[in-house]
Amino acid sequence: MREYRTTRDIVGPLLLIEKVVDVTYGELVELEYPDGTRSLGNVLEIDGDVALVQAFEGTRGSNPKDTKATFLGRSLELGVSRDILGRVFDGLGRPADGGPEIIPDERRSIYGAPINPVARDFPDDFIQTGVSAIDGLNPLVRGQKLPIFSGSGLPHNELAAQIARQSAVLARSGAADQAGEKLEGEFAVVFAAMGITFEDADFFTNEFRTTAAIERTVLFLNLADDPAVERIATPRMALTAAEYLAYTCDMHVLVILTDMTYYCEALREVSAARKEVPGRRGYPGYLYTDLATIYERAGRVKGRAGSITQVPILSMPDDDKTHPIPDLTGYITEGQIILDRNLHRRGVYPPIAVLPSLSRLKQKGIGPGKTREDHADVSNQLFGAYASGIQAKELAVILGEAALSDTDKAFVAFADAFEDQFIRQGTHEERSVAETLALGWKLVAQLPRTELKRIRDEYVAKYMSSEAGD
Amino acid sequence: MEQGHIIKVAGPLVVARGLVESKMYDLVRVGEDGLMGEIIEMRGDRASIQVYEETDGLGPGDPVVATGAPLSVELGPGMLEAVYDGVQRPLDVLERQAGSFLSRGISAPGLDREKRWTFVPSVEPGTRVSGGDIIGVVQENVVVEHRILVPPALSGVIESITGGDFTVRDTVATLVDDEGGVHDLAMMQVWPVRVPRPYKKKVSADEPLTTGTRVIDTFFPIVKGGVACIPGPFGAGKTVTQHQIAKWSDAEVVVFIGCGERGNEMTDVLMEFPELVDPYSGEPLMKRTVLVANTSNMPVAAREASVYTGITMAEYFRDMGYNVVLQADSTSRWAEAMREISGRLEEMPGDEGFPAYLGTRLAAFYERAGKVECLGSVPAGASVARTGSISVIGSVSPPGGDLSEPVVQNTLRVVKVFWALQDQLAYQRHFPAIDWLTSYSLYVDKVTPHWAADVSKDFRARRDEAMSILQRENELAEIVRLVGLEALSPEEQILMETAKSIREDFLQQNAFRDDDQFSSLAEQDRLLSTILLFHAKALEAHAAGASLADIFAAPVRERIARAKYLAPDQMAEYDSIASDIETQLVGGARPEAAVASAGGER
């Protein structure tokens, strides 16, 4: 045990401890403050015999004179075993449900190691979420990281819960779905809350409880009134648990991280306390790299059955997509689902802004053998037509409906129908991919035949009449 | 070797004391695990070292061992089809060594030490050679002949040379220099990454690099030896565009640097390239490709090194006389790596926290591109020296899509081609989302003579006409937005339709459709002339009394819309479309027969 009472400075969440020996970068520290409060911390910098320590649970109650620091000789770890399923932990991975301590099979550093790019298996298994706006246009595949960009007051929690619920129930790929068979492998949800309110967290726990999914769920909760700096560890705790379940227990794991905005703010707090040169809007210059070490832990690994799919949720300050947090996230993740306030105001659930949303992996996850051969073309056509419809609507606002050509009018009608029938669905309504595509064909059938430039002729011939009905 | 010890650890930066003999940019081994690091600052006896692996667990007192050599790459047979990290560690070998995750302290040489290559000498003993001369070849794979060069600094007389199967480090020849010193030549050379490889002289590059992407080849061409950048916000399609160029450009060797980007994108390349067939050689694309993969979650210092590792390899292939395409995706992540290291060094920051030398570093990197006369003597009988080129295409990821940020601005100062990606176009699923109004290429005049000779003498004129139609559309769109389409004259309405056709039927190209992803220059020319023919005939027909509605409803338009999906051996279809245009766009009422026959063909 290396105990020190040599704290020199305390600034925000940081402590400068002097005269330390054999301390290493990243080492875990146990801090005990004069009022009895305890906190964990880790070494951010070691310069000679001076260590800079970040206290995860804050520095309230500490003083330089009587603070005791014990360097533990290891980095922050999480004990993992199958028993973590069904359990609730705090933001630092300690049981928070009154249950017993986990007897770990192994202890893992929460920082993980990067997957060798050569060892990655390309994510191309379609996940049927049962949500048309996702399955039809921006499909999610196993091993993808697809964030939900939202704003205050938008129903991102409902959507995330719906995805978790419906993907969980199916737990099979689109191809298997068509063949009517169950896919090998179990499904689990790892949920990490960072700085969200009790009510939001309660919504998710209830949701998991009522659908009996709680036995397949691991929760890590750092709520709004929990220490802010602890949030830096929380997503890494969750992903360490997810990696264990995916690559050791061969499970398909869906990780929901909410709200990444609060995570980034905690990072900014530490950076500011260290007086680092800030990048945009005061966020540290390494925010991209830091976020990448979280998001890139999604994926599939060759030769292992499990997978990690991430759905991070972040609220865009002032719905601004160019804010550093959504901006850098978008550069790392494989697409984004953007929620739109106008659709929400008009009462459309889920209010997914289809045009700026994107799933980068959809090309590989759909098509023959995965969903259906016409999926890509139909999806492109729906996009194109909806975009034209929106444009025509803007024109109509200025010039009036009468100024529109017949084609434009067809597109306007299409756009309205698309929002009302295709995007809109119930929170508990689950559509199979076949139902979603049928809906798509029904909608494109309203358009003039010459405008269907993005669908191959043979598919029009094959599916148009049968799918769209008459 | 000299040994020092750590006194400070701050993220990827380690400060060590006791390395007095070492020089700036020397490679060192840090800690018990021997992690790779590079000296980037020296103050007195304190050396600041950027470490290419995670530094967790390092602490004061840990040893630092000097190697006395700068960070270098190994150049020789075996680079093609390989996947390296930012400091040329072969990732497939690391996977076999350490499993699916990259643990620390593992290492492997860049070139396989055991593998034997068949060396065929191309000079006789007694031949006088100088640096850069080819002394023999290795058929590295069916596509690329690997030429073995005399190292740049050496010259003299070949004393002995042997053909046969050798490993990269075996001596294949001996050379006696003018002072009588004897040098063993192996197939492998070692070159420091931060030093550009020498060449005889730079020459002006004017030959177009065909990429198969219509908006690039026709409107904003790049030359072999040119420099281009692709800036754009996320989701606008930078990576897909880069992949398209890596796949279809007519270069002999492609070096693709995944610099701080997504792991799955590299996996995509790794799975796709061995399957895809190079339209020029008929062999898998992977056979001409070198991949450098330093994904965003891999150590940040190695990301900084990765672009240098990549371009040094590209220079080596250039020196053999090849046209090389080097792609860096994304240079912004490289710049951010510089910013992070600079911040840890507590340097005074420039714009947005980037180091003050950002512009210099970017310019120096892009300047390593170009077409050169390679080192080496001019072969007997040849009038000109061997030439080789490196075309550099860097993507830039500006925060929030803001093109005024430092990385974009510093890049624009040095590149000659600017492919601006627009998120608005991407939302409309107009791909590639290259904005035709703001993009530019300064190579258009240079490639025009090549177009005239190889494609058609009218190609440049057609390109310019199409460009002016698009420009005019943009001006007219303002008016339409304010007062409606009817306010335009019939001629202008025809122009608007043609512009739409150029956008949808020519510029839009689906990278994921086999029948659309690659378009040869000949096909591009036929397609564009077909669209422009329709435009001309529409104007004529209107002048002769045809109504706009009839013109726009001509059935041939659907054939034009689908012409881009025609296979290269269906070029005759264009003649048939042209004759349809002639018959369907005539003055007055449309002849019913023409409509019926056109309908029947579909």
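Procedures and definitions
Residues numbered from 1 in each chain as written. Chains lettered and ligands numbered in written order. Predicted model: local features only at pLDDT ≥ 70, side-chain atom pairs only at ≥ 80, totals over all residues. Heavy atoms only, no water. Helix = DSSP H or I, 4+ residues; strand = E, 2+ residues; numbered from the N terminus. Rg over C-alpha atoms; globule rule 2.2 N^0.38 Å. Buried < 20%, exposed > 50% of the residue type's maximum accessible area, 1.4 Å probe, protein only. Contact = heavy atoms within 4.5 Å. Areas by Shrake-Rupley, 256 points an atom, 1.4 Å probe, with all protein chains shown as cover. Lys, Arg positive; Asp, Glu negative; His and termini not counted. Charge placed at Lys NZ, Arg CZ, Asp CG, Glu CD. Pairing = 2+ DSSP bridges. Axes fitted to C-alpha atoms, helices over the stretch in contact; angles between N-to-C directions. Buried area = accessible area lost by both parts, 1.4 Å probe. Salt bridge = Lys/Arg side-chain N within 4 Å of Asp/Glu carboxyl O. Polar contact = N/O pair within 3.5 Å; in protein donor to acceptor, adjacent residues only side chain to side chain. Nonpolar A, V, L, I, M, F, W, Y, C, P; charged D, E, K, R; others polar. 1 Å grid on protein atoms, 1.4 Å probe; cavity = no way out; pocket = protein on both sides within 12 Å on 5 of 7 lines; lining within 4 Å. Points joined across faces, edges and corners; volume = space filled by probe spheres on them. Domains from an automatic or database assignment. Core = buried A, V, L, I, M, F, W, Y, C linked by side-chain atoms within 4.5 Å. Phe/Tyr/Trp six-rings, centres within 6.5 Å; stacked < 30°, edge-to-face > 60°. Expected span 1.5 Å × (residues − 1). Parallel < 35°, antiparallel > 145°, perpendicular 65-115°, else oblique. Disulfide = S-S within 2.5 Å. Patch = residues over 30% accessible without salt bridge, like charges linked within 9 Å, V, L, I, M, F, W, Y side chains within 5 Å.

### Description of the overall build of chain A
What chain A contains, in helices and strands, is 14 helices and 21 strands. Relative to the 2.2 N^0.38 estimate, which gives 23 Å for 470 residues, the radius of gyration of chain A is 25 Å and therefore close to what a compact globule would have. With the principal axes as the frame, chain A shows a C-alpha extent of 80 × 50 × 40 Å. Out of the 470 residues belonging to chain A, those deemed buried represent 61%. Pairs at least 24 residues apart make up 72% of the contacts formed inside chain A by residues separated by at least 6 positions.

### Brief notes about the overall build of chain B
Of regular secondary structure, chain B possesses 17 helices and 26 strands. Taken over the C-alpha trace, chain B has a radius of gyration of 28 Å; the compact-globule value for 602 residues is 25 Å, and the two agree within 12%. The dimensions of chain B, computed from C-alpha atoms along their principal axes, are 90 × 55 × 40 Å. A burial count over chain B gives 61% of its 602 residues as buried. Counting contacts in chain B only where the partners sit at least 6 residues apart, residues at least 24 apart contribute 69% of the total. With an accessible surface of roughly 21,300 Å², chain B has 52% of that area assigned to carbon and sulfur atoms. Taking the average place of the 57 positive charges on the side chains of chain B and the average place of its 87 negative ones, the gap between the two points comes to 2 Å.

### Here's the deal with the sheet that holds strand E15 (residues 171-176) of chain B
All names here are of chain B. What the four strands build is an open sheet, ordered E10-E13-E15-E16; its pairing is antiparallel. Strands with a single pairing partner mark the edges of an open sheet, and in this sheet they are strand E10 (128-130) and strand E16 (182-186). Looking at each pair of strands side by side, their axes are set apart by 45 degrees on average, direction ignored. The sheet contact formed by E15 and E16 spans five bridges and is antiparallel.

### Regarding the interface of chain B and chain A
Tallying the contact residues gives 76 residues for chain B and 76 residues for chain A. When residues of chain B are sorted by the area they lose upon contact with chain A, Phe234, Arg262 and Arg429 of chain B head the list and together hold 14% of the total. Where chain B meets chain A, there are six salt bridges. Across the chain B-chain A interface, the total number found is 30 residue pairs in polar contact (both at pLDDT 80 or more). With eight residues, helix H4 (residues 263-272) of chain B is the largest single contributor of residues to the side of chain B that touches chain A. Broken down by class, the residue content of the side of chain B that touches chain A amounts to 28 nonpolar, 21 polar and 27 charged.

### Here we look at the sheet that holds strand E9 (residues 117-121) of chain B
Residue and element names in this part refer to chain B. Across the sheet, which stays open at both edges, the four strands sit in the order E12-E11-E9-E14 with antiparallel pairing between neighbours. The outermost strands of the open sheet, each flanked by one partner alone, are strand E12 (145-149) and strand E14 (164-166). Across this sheet, the average inter-strand angle for adjacent strands is 40 degrees, counted without regard to direction. As paired elements, E9 and E14 share three bridges and run antiparallel to each other. Its bridge partner lying in E14, threonine 118 is registered against aspartate 165.

### Observations concerning empty space enclosed by the protein
Any empty space left between the atoms is revealed when a probe the size of a water molecule rolls over them. A complete count under the given rule lists nine cavities of 30 Å³ or more for this structure. Its boundaries defined by the atoms lining it, the largest cavity holds a volume of some 210 Å³. Contributing to the lining of the largest cavity are 21 residues, with Arg280 and Leu328 of chain A together with Glu336, Arg339 and Pro399 of chain B lying nearest its centre. Of all the secondary structure elements, the ones that give two or more residues to the lining of the largest cavity are helix H7 (287-295) and helix H8 (324-332) of chain A together with helix H6 (331-344) of chain B. Split into classes, the residues belonging to the lining of the largest cavity amount to 10 nonpolar, four polar and seven charged. Counted as a void, the second largest cavity has a volume near 80 Å³. If you go around the second largest cavity, you meet 14 residues; those closest to its centre are Gln336, Pro356 and Leu358 of chain A together with Gly235 and Tyr427 of chain B. Among the elements of the structure, strand E20 (335-338) of chain A together with helix H9 (423-427) of chain B are those that each provide at least two residues to the lining of the second largest cavity.

### Some thoughts on the domain arrangement of chain B
Residues and elements named next belong to chain B. Taken domain by domain, chain B comprises domain 1 (3-70), domain 2 (117-187), domain 3 (230-441) and domain 4 (459-601). Just the C-alpha atoms count here: the centres of domain 3 and domain 4 sit 35 Å apart. Taken together, the two surfaces of domain 3 and domain 4 that pack against each other cover about 1,100 Å², and 65% of this comes from carbon and sulfur. Between domain 3 and domain 4 we count zero salt bridges in total. Connecting domain 3 to domain 4 are three residue pairs in polar contact (both at pLDDT 80 or more). The class makeup of the residues in the side of domain 3 that touches domain 4 is eight nonpolar, two polar and one charged.

### Examining the nonpolar core
A general feature of soluble globular proteins is that nonpolar side chains tend to end up buried together. Core analysis: the biggest nonpolar cluster contains 161 residues, and Ile135 and Trp419 of chain B have the highest contact counts within it. For this core, the leading source of residues is helix H5 (residues 300-319) of chain B, giving 10 residues. In contact with tryptophan 419 of chain B, other than residues within four places in its own chain, are Ile216, Phe220, Ile222, Ala228, Cys229, Ile230, Pro231, Ile245, Ile393, Ile434 and Ser439 of chain B. Leu28, Ala242, Leu257 and Val301 of chain A belong to the second largest nonpolar core, which has 67 residues in total.

### Section: the side chain of serine 306 of chain B
All names here are of chain B. Position of serine 306 among the secondary structure elements: in helix H5. Within polar-contact distance, the side chain of serine 306 engages the backbone oxygen of arginine 303 at 2.7 Å. Setting aside chain neighbours within four positions, we find serine 306 in contact with Gly86, Ile257, Cys259, Val292 and Asn294.

### Concerning the packing of aromatic side chains
Residue and element names in this part refer to chain A. Using the criterion set out here, one finds 24 aromatic pairs over all chains in the structure. Ring centres of phenylalanine 418 and phenylalanine 422 lie 5.1 Å apart, and the angle between their planes is 10 degrees; on these two criteria the pair is classed as stacked. Of this pair, phenylalanine 418 and phenylalanine 422 both sit in helix H12 (residues 406-423), separated by four residues, roughly a single helical turn. Here phenylalanine 418 falls in the buried class, since its relative accessible area comes to 0%. Classification of phenylalanine 422 as buried rests on a relative accessible area of 0%.

### Brief notes about helix H12 (residues 490-507) of chain B
The terminal C-alpha atoms of H12 of chain B lie 24 Å apart, and with 18 residues this matches the ideal 26 Å at 1.5 Å per residue to within 8%. Burial of H12 of chain B is extensive: 14 of the 18 residues sit out of reach of the surface.

### Quick word on the packing of helix H13 (residues 521-543) of chain B against helix H16 (residues 572-584) of chain B
Residue and element names in this part refer to chain B. One way to put it is that H13 packs onto H16 with a least axis distance of 10 Å and a crossing angle of 5 degrees. When the axes of H13 and H16 are compared, the pair comes out roughly parallel. Side by side, H13 and H16 meet where Glu523, Arg526, Leu527, Thr530, Leu533, Phe534 and Lys537 of the first sit next to Tyr574, Asp575, Ile577, Ala578, Ile581 and Glu582 of the second. When the residues that make up the contact of H13 with H16 are grouped by side-chain class, the tally is seven nonpolar, one polar and five charged.

### Here's the deal with the pattern of salt bridges
By the definition in use, this model includes 87 salt bridges over all chains. Linking glutamate 53 of chain B and arginine 89 of chain B is a salt bridge whose minimum nitrogen-to-oxygen distance equals 3.4 Å. With glutamate 53 of chain B in the loop between strand E5 (46-51) and strand E6 (63-70) and arginine 89 of chain B in the loop between strand E8 (83-84) and helix H1 (91-98), this pair connects stretches of sequence that are 36 residues apart. Put simply, arginine 559 of chain B and glutamate 573 of chain B hold a salt bridge, and the shortest N to O gap is 3.0 Å. Here glutamate 573 of chain B lies in helix H16 and arginine 559 of chain B lies in helix H15 (residues 556-562), a separation of 14 residues in the sequence. We classify glutamate 573 of chain B as partly exposed; its relative accessible area is 31%. Salt bridges here are not isolated pairs; linked through shared partners, they connect Glu45, Arg274 and Glu276 of chain A together with Lys8, Glu340 and Arg344 of chain B.

### Quick notes on the state of the cysteines
Residue and element names in this part refer to chain B. Applying the stated rule across the entire model yields zero disulfides over all chains. No disulfide involves cysteine 259; its sulfur sits 15 Å from that of cysteine 229, the nearest cysteine. Residue cysteine 259 is classed as buried on the basis of its relative accessible area, which comes to 0%.

### Observations regarding a nonpolar patch on the surface
All names here are of chain B. A cluster of nonpolar side chains, namely Ile479, Leu482 and Val483, defines an oily patch on the protein surface of about 280 Å² accessible area. For valine 483, the location among the structural elements is in helix H11 (residues 459-483). A residue is classified by how much of its surface remains accessible, and valine 483, at 51% relative accessible area, is exposed.

### Re unusual backbone geometry
Negative phi values dominate among residues other than glycine, just as trans dominates among peptide bonds. Residue aspartate 259 of chain A is bonded to the preceding threonine 258 of chain A through a cis peptide linkage, with omega at 10 degrees. You can see aspartate 259 of chain A is positioned in the loop between strand E17 (251-258) and helix H6 (260-273). Going from aspartate 329 of chain B to serine 330 of chain B, the amide bond is cis rather than trans, its omega being 10 degrees. Here serine 330 of chain B shows up in the loop between strand E22 (323-329) and H6. Positive phi is not limited to glycine here, since lysine 275 of chain A has a value of about 60 degrees.

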